[in-house]
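Letter by letter, the chains look like this.
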Amino acid sequence: MKLQYEPKQIYDVSKGQALFKKALSLVPAGIYGHLGPSEGCMIPVSAYPLFMSRAQGTYIWDLNGNRYIDYMCAYGPNFLGYNDPDVDAAAIEQLKKGNCTTLIAESMVEMAEEMVNTINMADWAFFGKNGGDMTAFAVMIARAYTNRKKIVLVSGYYHGVAPWMQKLGYSGVTEEDLANNLYIDWNAPDQFEKLIKKYPGQIAGLIATPYYHPTFVDNQLPPEGYWQKMRKLCDDNGIVLIFDDVRAGFRIDEKGSDYHYGIEADLSCFCKAIANGYNMSAICGKEKLKNATADIAYTGSYWLSAVPLAAGVATLRKAKAIHAVEENAKKGIKLTEGLKEVARDNGFDLRVTGEPAMFYLRLGNDFPSTILHQEWVTECVKRGVFFTSHHNHFINYALSDEDMQYTWEVADEAYKVVRAKHPDANYIK
């Protein structure tokens, strides 16, 4: 790809860095969790803005006023575009009426109806705040319905931060937290079958993401027939099949990722894109699980707040009207094809895996160190394109052709900077 452009400005991020120093004295880790540098994914930390001043569409601005094209989309919640006018209007209209009150607003029923009418497998819907609320609840439902204890997970999984979802050796996690967890590899129905035989009548549920998208590794789509095999093993052995669609929901198929891959899950968990950044999550289930779900004591102070539910209704209705799922996939294909071409022109082997609207990037001629890729990501961020080195990325509907062009130009310049710093690396010809 031949690109002609003026050199990009290197951003000054001093205001964000100064605020981070203050935050370190007030907040554990300064910025905790995946949005901060504590997990070692912002190298060097001094190159990253860390704090935002505002957001709009596909952009975020830092405290120094620099604009970034945001391909992390708040790690998924930005689906239609930050501050989407239609979603915000619905939220504001509901806020004027009330938000968190003793009586429940009708927006709960409206959102439940929207979910049931949208998600192919859904007979009912239940709402929370975080994806982890729903994955944990799904496991409880499976246990309540089957009167069994054990849960099967795919190695490399991430289903939230509750202790049972983490790994032995992680701070604060005990053996007892994981006592009923069983593990299989991705794309290994034979391993699942062996566990079923080893623990007959003891497995309550299988929980998995629709496709394999852990951090720091290439994403893997399910091979043909995979989910059909897993569905049959669950059916034949009374096991509840749980789809963790928290990240991929509405980025693969508006009817649910299980529908996209040709099956019906028993329970599907949603969050991220469901309300375009308003804080809500949902679980949808089959009729057979409805009574077991109703019997569980599970709620939260703000789970039925009316504003996020109204935003969710507006998000789903608008997404369907503008065909956001299909359009975002097209944008993802166009963007990543351009990125691969830019990489090749500079001697880099850029690998793109996963679904188009939720792609993962890695340099094939930088494995296993990932040093070149991390440096390339940092050079992109310094010029206004926010990628990451460890996680899948996200497309939002507000992304424009002009944004993609700017991204390709920044990617090109960033590759040239990295190549100049590492002239002897293993480049392709």
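Here we summarise the structure given alongside this text. (Residues numbered from 1 in each chain as written. Predicted model: local features only at pLDDT ≥ 70, side-chain atom pairs only at ≥ 80, totals over all residues. Heavy atoms only, no water.)

Description of the overall build of the protein chain
Within the protein chain, the secondary structure is distributed over 12 helices and 13 strands. On C-alpha atoms alone, the protein chain measures out to a radius of gyration of 22 Å, which is about the 22 Å that the 2.2 N^0.38 rule sets for 429 residues. Reported as C-alpha extents along the three principal axes, the dimensions of the protein chain are approximately 65 × 55 × 45 Å. The proportion of buried residues among the 429 residues of the protein chain is 55%. Considering only residue pairs separated by 6 or more positions, the protein chain has 74% of its internal contacts joining residues 24 or more positions apart. Looking at the protein chain, you have 44 positive and 51 negative side-chain charges, and the mean spots of the two groups are 3 Å apart. (Helix = DSSP H or I, 4+ residues; strand = E, 2+ residues; numbered from the N terminus. Rg over C-alpha atoms; globule rule 2.2 N^0.38 Å. Buried < 20%, exposed > 50% of the residue type's maximum accessible area, 1.4 Å probe, protein only. Contact = heavy atoms within 4.5 Å. Lys, Arg positive; Asp, Glu negative; His and termini not counted. Charge placed at Lys NZ, Arg CZ, Asp CG, Glu CD.)

Comments concerning helix α1 (residues 14-24)
Taken residue by residue, α1 has Gly16, Gln17, Phe20 and Ala23 as its buried positions. Down the axis of α1, the smallest arc covering the buried residues is 115°, so these residues share one side. Exposed side chains of α1 directed beyond 90 degrees from the buried face belong to Lys21 and Lys22. (Arc of directions from axis to C-beta.)

A word on the pattern of salt bridges
Once the charged atoms of two side chains with opposite charge are near each other, the side chains can pair. In total, this model carries 20 salt bridges according to the counting rule given. Taking the shortest distance from any N to any O, the salt bridge between Arg383 and Glu413 comes out at 2.8 Å. Here Arg383, found in the loop between α11 (371-381) and β13 (385-386), pairs with Glu413, found in helix α12 (residues 401-421); they are 30 residues apart in sequence, far enough to count as distant. Under the relative-accessibility criterion, Glu413 is labelled buried at 11%. Because the salt bridges share partners, they merge into one network encompassing Arg231, Asp235, Asp266 and Lys288. (Salt bridge = Lys/Arg side-chain N within 4 Å of Asp/Glu carboxyl O.)

Some details on the nonpolar core
Residues Tyr71, Phe192, Leu206, Trp227, Trp376 and Phe387 are the most contacted members of the largest nonpolar core, which totals 77 residues. Looking at which element gives the most residues to this core, the answer is α12, with 7 residues. When sequence neighbours within four positions are dropped, the list of residues in contact with Leu206 reads Val152, Ile184, Phe192, Met230, Cys234, Ile239, Val240, Leu241 and Ile242. Membership of the second largest hydrophobic core comes to 28 residues, among which are Leu80, Phe127, Ala275 and Ala282. (Core = buried A, V, L, I, M, F, W, Y, C linked by side-chain atoms within 4.5 Å.)

A few points about the packing of helix α10 (residues 324-345) against α12
Packed helix pairs are specified by the crossing angle of their axes together with the interaxial distance, meaning the distance between the axes. One can describe the packing of α10 onto α12 by two numbers: an axis separation of 9 Å at closest approach and a directional angle of 25°. Here α10 is positioned roughly parallel relative to α12, judged by the angle of their axes. The two elements α10 and α12 cross, and the hand of that crossing is right-handed. Between α10 and α12, the residues in contact are Lys331, Lys334, Leu335, Gly338, Leu339, Val342 and Ala343 and Asp401, Met404, Thr407, Trp408, Ala411, Asp412 and Tyr415, respectively. (Axes fitted to C-alpha atoms, helices over the stretch in contact; angles between N-to-C directions. Parallel < 35°, antiparallel > 145°, perpendicular 65-115°, else oblique. Left-handed = near helix turned anticlockwise from the far one by under 90°.)

Some details on the packing of helix α3 (residues 107-118) against helix α9 (residues 306-321)
Running from N to C, α3 and α9 point in directions that differ by 30°, and their axes come no closer than 8 Å. Classified by the angle between their axes, α3 and α9 sit roughly parallel to one another. Crossing angle aside, the handedness with which α3 passes α9 is left-handed. Note on element contacts: α9 touches α3 through Ala306, Leu309, Ala310, Gly312, Val313, Leu316, Arg317 and Lys320, opposite Ser107, Met108, Glu110, Met111, Glu114, Met115 and Thr118. Residue composition of the contact of α3 with α9, grouped by class: 8 nonpolar, 3 polar and 4 charged. (Nonpolar A, V, L, I, M, F, W, Y, C, P; charged D, E, K, R; others polar.)

What to know about the environment of Tyr82
Mapped onto the secondary structure, Tyr82 falls in the loop between β3 (67-70) and α2 (85-97). Taking the relative accessible area as the measure of exposure, Tyr82 reaches 16% and is therefore buried. The spatial distance from the C-alpha of Tyr82 to the C-alpha of Ala55 is 6.0 Å, given a sequence separation of 27 residues. There is a polar contact of 2.5 Å between the side chain of Tyr82 and the side chain of Asp70. (Polar contact = N/O pair within 3.5 Å; in protein donor to acceptor, adjacent residues only side chain to side chain.)

Quick word on the sheet that holds strand β1 (residues 52-56)
The strand order across the open sheet built from 4 strands is β1-β2-β3-β13, with neighbouring strands paired in mixed fashion. In the strand order of this sheet, the two ends are held by β1 and β13, each with one partner. Note that strand β2 (residues 59-62) and β3 share 3 bridges and pair antiparallel. Across the sheet, the residue bridging to Ile60 is Tyr68, located in β3. (Pairing = 2+ DSSP bridges.)

Thoughts on the sheet that holds strand β4 (residues 124-128)
Read from one edge to the other, the open sheet built from 7 strands follows the order β4-β10-β9-β8-β7-β5-β6, with strand pairing classed as mixed. The open sheet has two free edges, formed respectively by β4 and β6 (181-184), since each of these has just one partner strand. If you compare each strand with its neighbour and ignore which way they point, the axes differ by 20° on average.

Here's the deal with the state of the cysteines
Enumeration according to the criterion identifies 0 disulfides in this entry. Cys284 supplies the cysteine sulfur nearest to Cys269, a cysteine that is in no disulfide, at a spacing of 9.2 Å. Using a relative accessible area of 0% as the deciding quantity, one classes Cys269 as buried. (Disulfide = S-S within 2.5 Å.)

Thoughts on α3
Working note: α-helix, 3.6 residues per turn, so residues spaced by three or four point in the same direction. Spanning 12 residues, α3 covers 16 Å between terminal C-alpha atoms, matching the ideal 16 Å at 1.5 Å per step. Those residues of α3 lying buried are Ser107, Met111, Ala112, Glu114, Met115 and Thr118. When α3 is viewed along its axis, its buried side chains cluster within an angular range of 160° and face the same direction. Structural note: α3 exposes Val109, Glu113 and Asn117 on the side pointing more than 90 degrees away from its buried face. Buried residues belonging to α3 abut α2, β4, β9 (267-270), β10 (281-285) and α9. (Expected span 1.5 Å × (residues − 1).)

Nothing here speaks to function; it is all geometry.
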